[in-house]
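Inside the fold
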Amino acid sequence: MANQGFIRNMNQRRILTLLRREGGLTRAEIARRLALTRSAVTYLADGLLSERLVAEAPDNNEMPREAGRPGVTLSIDPGGNYFLGAEIGVTAMRFALVDMTLKPVKAKTVEWRKPPSPAEAIRAIEAFLRACSAEKRVGRRIRAIGITVPGLVRGDGMVLHLPILGWRDVNLLALARAAFRIPVAIENDTNGVAFGEVYRHPKLSHDLVLFLRLGNGCGGAAILDGNLLRGTSGVAAEFGHMRIADHGPLCHCGQRGCLETYVNLAALGRYLAEAEARVGPDPVQVSDAIGAGDDAATAAVERLTAHLATGIISLTNVFNPSDIVLGGAMRPVLALGLERLRDVVAGGIVAGMPPPKIALSAGDPYECAIGAAAIAHHAQFDVSALSVGGQANGAQRPAD
Ligand SMILES: [Zn+2]
């Protein structure tokens, strides 16, 4: 017999997911959309109202019945619950607090002279958590925490290899769980950015979205039906290490010919130098130079775009994605080659396959921290985070 608690949780998540995507709906409309009885929706909504996960729309409450009152609508209560996101970076940590509608309400950057130790990073998160909780409207309403790191994270929350921070085999989830009394999710930074980008725009029909984050590296992420594609051990979608040549520049992963080494900032620097451009590999300056008619800079960006197209053609042939989103520090340069990129990809993929929509990410400086908070939100409240076994995906369990 089905576990009643699980069924209730699942149906409450279905309601929250529907309201998050579509805004305010009456109980009757929710019942119709989710094929539930009116009395079931009333029962489930009472629980959501008592937890301040949803609120009744006050405007409709005040309308006189004689005027044909359409019924009270339920919508997500923005200030009922909050989620903390933390991006652990090499020279800085960025924090964001988002409300129940994923809107950022507080953000902060803490600079580091050297990369933080795991304990220092946890202490910095604790300090931001305390500062947020001290605000009257937030108080004890922070429901969960998401943390991103610039490297591989295993499904059980173990940070495998973080050479740029000097971390290796750190059980960050266990450290975070010892420090915080609320649920914690640990994620790779590119996954965080990608997830936030998709999850915060639920009206867009994203059935399979690939994300490439180009800067010093080339991170990748894939989101299928609202969930990050994690692979067997949680480290999938390393698109930057897709081999596009037998030989080629040495990649930091130890291999040669990785896509990353043809499309990152170092590659842009090489192409600019070889074209004898007078500008260095600063994407904003390169963009300005091209705007001023610098042919050498234009040639360098065309080379980079051509290599990126080669990678995206293979990714498209493998995944048949609906959307490909490009983000990271390279955005100003990518913007210049976007039309060309779309054309080359459309002409290079398997015949008959519809080309994906290719667009740039929004590029918010807090996108990673906001994405981490979005992952925490999703694990707590979205129906797509539930696995068949009734466990929430993305909320890792410790290895012990
Ligand atoms: Zn590599």
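The notes below deal with the structure included here. (Residues numbered from 1 in each chain as written. Predicted model: local features only at pLDDT ≥ 70, side-chain atom pairs only at ≥ 80, totals over all residues. Heavy atoms only, no water.)

At the metal site, the zinc ion is ligated by H241 (ND1), C251 (SG), C253 (SG) and C258 (SG), and these contacts range over 2.0 to 2.3 Å. Coordination at the zinc ion comes from four donor atoms whose angles at the metal span 103 to 122 degrees, giving a geometry best classed as tetrahedral. Along the chain, the residues donating to the zinc ion fall in the pattern H-x9-C-x1-C-x4-C. (Donors = N, O, S within 2.8 Å, 3.2 Å for Na, K, Ca; no water. Tetrahedral: all angles 85-135°; square planar, octahedral: opposite > 155°, others 65-115°.)

With that settled, consider the nonpolar core. Counting 44 residues, the largest nonpolar core has I15, L16, L19, I30, F83, M100 and F195 as the members making the most contacts within it. Examining the composition of this core, we find that eight residues originate from one element, helix α13 (residues 367-381), more than from any other. Excluding anything up to four places from it in sequence, M100 contacts L16, L53, I76, D77, P78, N81, F83, H377 and F381. One finds L214, F239, I290 and V345 within the second-largest nonpolar core, a separate group that totals 42 residues. (Core = buried A, V, L, I, M, F, W, Y, C linked by side-chain atoms within 4.5 Å. Buried < 20%, exposed > 50% of the residue type's maximum accessible area, 1.4 Å probe, protein only. Helix = DSSP H or I, 4+ residues; strand = E, 2+ residues; numbered from the N terminus. Contact = heavy atoms within 4.5 Å.)

This next bit is on empty space enclosed by the protein. One pass over the structure, following the stated rule, counts four cavities of 30 Å³ or more. Computed from the structure, the largest cavity encloses a volume of approximately 70 Å³. Taken together, G151, L152, V153, N188, N191, G220, G234, V235, A236 and E238 make up the lining of the largest cavity. A per-class count over the lining of the largest cavity returns four nonpolar, five polar and one charged. (1 Å grid on protein atoms, 1.4 Å probe; cavity = no way out; pocket = protein on both sides within 12 Å on 5 of 7 lines; lining within 4 Å. Points joined across faces, edges and corners; volume = space filled by probe spheres on them. Nonpolar A, V, L, I, M, F, W, Y, C, P; charged D, E, K, R; others polar.)

This part takes up the pairing of strand β9 (residues 158-162). Inspection of the sheet shows strand β8 (residues 152-153) paired to β9 by two bridges, in the antiparallel sense. Paired with L152 across the two strands is H161, which belongs to β9. Remark: four residues form the turn of the hairpin made by β8 and β9, two consecutive strands paired antiparallel; G157 in that turn has positive phi of roughly 90 degrees. As paired elements, β9 and strand β10 (residues 167-171) share four bridges and run antiparallel to each other. If you follow M158 over to β10, its bridge partner there is N171. The loop that links β9 with its antiparallel partner β10 comprises four residues; one of these, G166, has a positive phi angle of about 80 degrees. (Pairing = 2+ DSSP bridges.)

Time to look at the packing of helix α1 (residues 4-22) against helix α3 (residues 38-50). For the pair α1 and α3, the least separation of the axes is 10 Å and the interaxial angle reads 80 degrees. As judged from the angle between their axes, α1 and α3 are roughly perpendicular. Judged by residue contacts, R8, N11, Q12, I15 and L16 of α1 engage Y43, L44, G47 and L48 from α3. For the contact of α1 with α3, the residue count by class is five nonpolar, three polar and one charged. (Axes fitted to C-alpha atoms, helices over the stretch in contact; angles between N-to-C directions. Parallel < 35°, antiparallel > 145°, perpendicular 65-115°, else oblique.)

On inspection of all chains with the given rule, the structure shows 14 salt bridges. A salt bridge links R94 to E87; the nearest nitrogen and oxygen atoms lie 3.7 Å apart. We classify E87 as buried; its relative accessible area is 10%. (Salt bridge = Lys/Arg side-chain N within 4 Å of Asp/Glu carboxyl O.)

Computed from the structure, the largest pocket encloses a volume of approximately 1400 Å³. If you trace the largest pocket, you find 46 residues lining it, with P150, I164, D189, N216 and G217 closest to the centre. When the residues that make up the lining of the largest pocket are grouped by side-chain class, the tally is 18 nonpolar, 17 polar and eleven charged.

To continue, consider the packing of aromatic side chains. Counted under the stated rule, the structure contains four aromatic pairs. Judged by centre distance (5.0 Å) and plane angle (15 degrees), the ring pair of F95 and F128 falls under stacked. Of this pair, F95 sits in strand β5 (residues 92-99) while F128 is found in helix α5 (residues 118-133), placing the two residues 33 residues apart along the sequence. Each member of the pair, F95 as well as F128, carries the same accessibility label: buried. With a centroid separation of 5.8 Å and an interplanar angle of 65 degrees, the aromatic rings of F239 and F319 are classed as edge-to-face. Remark: F319 occurs in helix α11 (residues 295-319) and F239 occurs in the loop between β14 (227-228) and α8 (260-263); sequence separation between them is 80 residues. The class of F319 is partly exposed, set by a relative accessible area of 23%. Looking at R20, its charged tip hangs above the ring of Y199, at a distance of 3.8 Å from the centre. (Phe/Tyr/Trp six-rings, centres within 6.5 Å; stacked < 30°, edge-to-face > 60°. Lys NZ or Arg CZ within 6 Å of the ring centre and 35° of its normal.)

Relative to the elements of secondary structure, R181 occurs in the loop between α6 (172-179) and β11 (184-188). The class of R181 is exposed, set by a relative accessible area of 88%. Spatially, the C-alpha atoms of R181 and A144 are 9.0 Å apart, while their sequence positions differ by 37 residues.

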